[in-house]
Amino acid sequence: MKERDSSLNLQSARTTRRSLLKGMGLLAAAGTGVLAAPHVVRAQGKTLAFWTTQRGPTQMKAYEEIWKAFEAANPGFTVAPQYLTEEEYLPKLTAAMAANQVPDLMSHMPPEFAMALNDRDLLSPMDEILKEVGADDFFENSLELLKDEKKGFYPALAIVNSTTTGPLWYRKDLLEKAGVTVPTNWAEYLAVAKATTKGGIFGNVYPFGKTSMGDKLFLQTIWQAGGTVFNPDLSVAFNSPQVVRALEFVQAAVKLSPPSAATYAYAETINVFVQGRVAMAPYSGRVLGNMVSNNAKLENDFSVTPFPHLAEGEGGRKVFVGDFQSLVIPAAAKDKEVSKAMALWLFRKENYIKYLHAVPGHNLPNLKSIANSEEYKADPLLQKYAQESQTLIDATSMSRSFLKETPEHQLNVRAGSIFNSRVLVETIHDVIIGGVSPADAAAKGADKIASIMKA
Amino acid sequence: MMSMVVRQSARAFRVGLVWLGIFLIAMPMLWALLTSLKPKGDTLTFPVAIWPESFTFESYSTLLFDTMFVQLFLNSVVVAVGTTLLVLIVGTLGAYGLTRFKFRGAELGAATILFTYFLPSTIIVVPIYLTINQLGLSDTLTGLVLSYTTFALPFALWMLRLFFQTLPVEIEQAARVDGASRLGLFFEIVLPQALPGIIATSLFTFIIAYNEYLFSFIFINSDAKKTLPVGINFIVKTSYEIEWNIVMAASVLMTLPVLIVIVSCQRYLLSGFGVGNTKG
Amino acid sequence: MTLALDAPAARKSWRVSDPMLGFLLVLPSLLLFLGLIVYPLFQAFVLSFHDVSTLTLEGEYVGLKNYEDVLGRSEFWISFGNTVIWTVGSLIGQISLGILIALLLNTQFRGRSIARGVMLMPYMLSSVVTVMIWQWMLNDLYGVVDATLMAWGVTDMPVPWLTRMPNAMITTIMIGTWKLFPFVVITILARLQTIPEQLYEAAKIDGAGPFARFLDITLPQIKSVLLFILLLRGIWDFKEFDLIFLMTGGGPQIGTQTLPLLIYKEAFGQLHLGRGAAIAILMLIIMTIMFFIYLWYYQREEKRAAQ
């Protein structure tokens, strides 16, 4: 068990220190107080740990309300939410498992991580929950992705789905002033970026910090150049002309991005757009609410379009990276029935909508019944930006996961390890900062990916 | 007459240069202070507005009342004071023993102290963590104080030893002839004389412990026990955007104790530089 | 440890001997030393021969493998080179700025103690505060430095201070200089004030200009203290962690990654505790060499002063 945990963790090159040492500390504590620990746990035994990556202020408030109600409906239980970043997810889980303090329910786990954990038999089946919510109610693309065909069950369910890299937000006023129109392919994108870069405003932001955002955006760029990281049989396809083409595009886009884009992740990317310092930026629908509340003077000057791709004539295709935020229950969870009750609680219509409305348009419903419900659509922001909301939904419907790059691909349980190693976005760093040619960087990246697949 | 004028203006020029230099050096800190007095909106303007439209203490009140700043500050003070006390009591005795007594290993002891004074924290951070754990003190302020002695004790011993060396040995010898016991001598004659040195050492120890980052970063997990240098990042950067006015207010508040030390005890600090660090 | 218990027989039996008392006074320090410094150092040494995971703290004896791994990888040598560049660069910065300011301050004027206090500040600031302030000043969107440069027409677009090379190293060295130069000022200033004024007067009469006076009088007088500073600050800068770690995290890529950051990365980022310990021991060897140079020089100067 321990060996498994540590090997899982060793794959993450950028483990956060805090979680790790927490693990060390707990391990040491476990060593010295094996007998004492279970009593402590049992004494407050009904505290349930819920993990999520969604930690916007309104989201934390929504979660708090949802769990308050759960506690009221289930006397004797208290739910303690823990908020973490996507980068922390695996290291913290590893530490928690080592200390035998696994969370009871985890939400917004990237599906690549979920399937990697499932490959190690660390997750329990979600089929009962699926049945109770109604399998027909889920959008099919998420179900296809999260089924373990060999074991014959669903180890994870995408509670919501959205795409953070698919929508490209742009400033109508700046584009108009520069005399350019909304871009539909890379050539136009770069032209618009060039035309709008002046006087301290950047034409675009292409974030490539060594974070999951940098990885996802670059993965999408590779797909949009007509390439893939793997062949359908999961042999490495990274050393390809399409990846080189993608790197060349990034090279050009970064020249028209803020200098610190090399460190940008989610928060920096949305802020730089909302504050009006870039003309174009990829992000989820969170932009809608942030713009209205933080920089209302631009509230009528922006809109969204699907992130452009390499022109079809040159082999490009229209596809986006979806988030498929997954709900999972660890196999080691103390009481599966309680975990299941918590999961179903999140799926209750009023809770589901309350969560979505915490940041309208940011996460999109993965249940058809909710997507079409009047209550969901009743949100004033979604009504004000109806056209933008539709664009977000359309982009999400065309989104895929690294788990299965195309429908022909085998399920890649190592996708999470590849993400975690940051090898994709590191290729950009090699080119932009290291001065390596795109072709050499792609070759080097291919080798690194191959070695992770072998490990 | 001419040369007087030339000399005077040369002097004025020189003094002007001094103040210009001082101003340039102080610029970053002044900018931090100015930023901390701006409303959030004024920090996000483009082009950058040097002078705020209005001054406000809003970032300070946010920091003091809506965050864990005060608690982190108290943690820092507890750890810094604890370290200073421990190191000072142990170190004063030790340094005196090393300076005034001849016993086998005293010389080696002094060299070892100096060596450990130069020892990088990064080298011992891993094993010291294990040691603290074995003592059952992980994630506690006590453990942190103990870990701080790894750099604070060699520093204090070295500095105090140099201070003791500057004290004339004759007074002690005279008192001894008068029949004073060696310990009585230590408390009645040596300590009062060494007081400036002890104050200087305490001030430096306090500041070093108050500012320490690496050990605190690695040894403390609970948010409630974090010290300021580590916790501050976590206060100002967890929100979805960095509010620079608050970050700068935190910088200013965090620096206050250090500022107070500099303003009120400059003399001791300077003597500490002279004696403790180089004997130059 | 054995003690010299050659106390004179005349002493009353309940009285501890002088060497004994001396030792007793040192004992608490000694215990803390053994427990918190010597023992951990020994542990680090032992760890460096084991392949230990930071997470499980378990692993087997592997002999010199960690050392071979470390020395065989270019990352170690790049980090070593970075450490040297940072140390030499920031030394040059601190010492030249330090001498300049010390010379300026070595004159009577109103508010001198305020000036000295202000100048002490950067040195006393915590690294975290230093980094927060500079990151704000160098912010690519709202930083006052870029704004000023753009207003003066020096540049059209913000400068990537910390996200490209060699910019990041240069920026880090400049910030290090700003933070650390006060140490040089104070130590040099103390020495400058001991130089007899007559020396300068005599030189003036001989027609020596300010620059010649600096070279002929000031420099020789501060030479020994300068060498002290060089060694001492050299050792300290060589092991600097906080400032660089917080400022750049070693990036971009590994452009500003120095040896202390590499230790941290191996031990806590990649969980190779043994490998981290091996680098720590290698660094310890380098530090020991620097230390003995310092000790030799220190003792020589002490002897000279005693004569």
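Residues numbered from 1 in each chain as written. Chains lettered and ligands numbered in written order. Predicted model: local features only at pLDDT ≥ 70, side-chain atom pairs only at ≥ 80, totals over all residues.

1. With respect to the domain arrangement of chain B
Residues and elements named next belong to chain B. Domain boundaries assigned for chain B yield domain 1 (2-58) and domain 2 (59-278). Taking only C-alpha atoms into account, the centre of domain 1 sits 33 Å from that of domain 2. When contributions to the side of domain 1 that touches domain 2 are tallied by element, the ones reaching two or more residues are α1 (2-36) and α2 (40-43). Taken together, the residues of the side of domain 1 that touches domain 2 sort by class into three nonpolar, three polar and three charged. (Domains from an automatic or database assignment. Helix = DSSP H or I, 4+ residues; strand = E, 2+ residues; numbered from the N terminus. Nonpolar A, V, L, I, M, F, W, Y, C, P; charged D, E, K, R; others polar.)

2. Description of the nonpolar core
Ala-152, Ala-156, Ile-207 and Ala-250 of chain B together with Ala-44, Val-185 and Ile-279 of chain C are the most contacted members of the largest nonpolar core, which totals 162 residues. Counting contributing residues per domain, this core is built from domain 1 (2-58) and domain 2 (59-278) of chain B, each supplying no fewer than three. If sequence neighbours within four positions are ignored, Ile-207 of chain B has contacts with Val-258 and Val-261 of chain B together with Met-124 of chain C. (Core = buried A, V, L, I, M, F, W, Y, C linked by C-beta atoms within 7 Å. Buried ≥ 20, exposed ≤ 12 C-beta atoms within 10 Å, placed from the backbone. Contact = placed C-beta atoms within 7 Å.)

3. Some points on the UniProt feature "transmembrane region" (unreviewed entry) in chain B
Following the UniProt record, one finds the feature "transmembrane region" (unreviewed entry) at residues 12-34, 72-96, 108-132, 144-164, 185-210 and 244-263 of chain B. Along residues 108-132 of chain B, the helical share is 88% and the strand share 0%, with 27 Å between the first and last C-alpha atoms. (UniProt positions renumbered as here; feature names shortened; annotations may be inferred.)

4. Considerations on the packing of helix α8 (residues 197-205) of chain C against helix α9 (residues 210-238) of chain C
All names here are of chain C. Between α8 and α9, whose axes approach to 11 Å, the crossing angle comes to 145 degrees. The way α8 lies across α9 gives a crossing that is right-handed. Touching Leu-199, Tyr-200 and Ala-203 of α8 are Arg-213, Asp-216 and Ile-217, all from α9. Per-class residue counts for the contact of α8 with α9 are four nonpolar, no polar and two charged. (Axes fitted to C-alpha atoms, helices over the stretch in contact; angles between N-to-C directions. Left-handed = near helix turned anticlockwise from the far one by under 90°.)

5. Structural notes on the sheet that holds strand β3 (residues 105-109) of chain A
Residues and elements named next belong to chain A. Here we have five strands laid out as an open sheet, ordered β2-β1-β3-β10-β4, and mixed in their pairing. Of all the strands in the sheet, the pair left with one neighbour each is β2 (78-83) and β4 (157-158). Where β3 and strand β10 (residues 326-328) come together, two bridges link them in antiparallel fashion. Each residue of the ladder has a partner; that of Met-106, found in β10, is Val-328. Contacting β1 (47-52) and β2, helix α4 (residues 57-73) crosses the sheet at an angle of about 160 degrees to β2. (Pairing = 2+ DSSP bridges.)

6. Here's the deal with the pairing of β1 of chain A
All names here are of chain A. Sheet topology places β1 next to β2; six bridges connect them, and they run parallel. Its bridge partner being in β2, Thr-47 is matched across the sheet by Thr-78. As for the winding sense of the linkage, the β-α-β connection from β1 through α4 to β2 is right-handed. Direction of pairing for β1 relative to β3: parallel, over a ladder of two bridges. Residue pairing in the sheet places Trp-51 in a bridge with Met-106 of β3. (Right-handed = clockwise from strand over helix to strand, strands pointing away.)

7. Some remarks on the UniProt feature "transmembrane region" (unreviewed entry) in chain C
Residue and element names in this part refer to chain C. Residues annotated in UniProt with the feature "transmembrane region" (unreviewed entry) correspond here to residues 21-42, 84-105, 117-137, 168-190, 211-236 and 277-297. Note that residues 211-236 is 100% helix and 0% strand, and that its end C-alpha atoms are spaced 31 Å apart. For the annotated span residues 277-297, helix accounts for 100% and strand for 0% of the residues, and the straight-line distance between the end C-alpha atoms is 30 Å.

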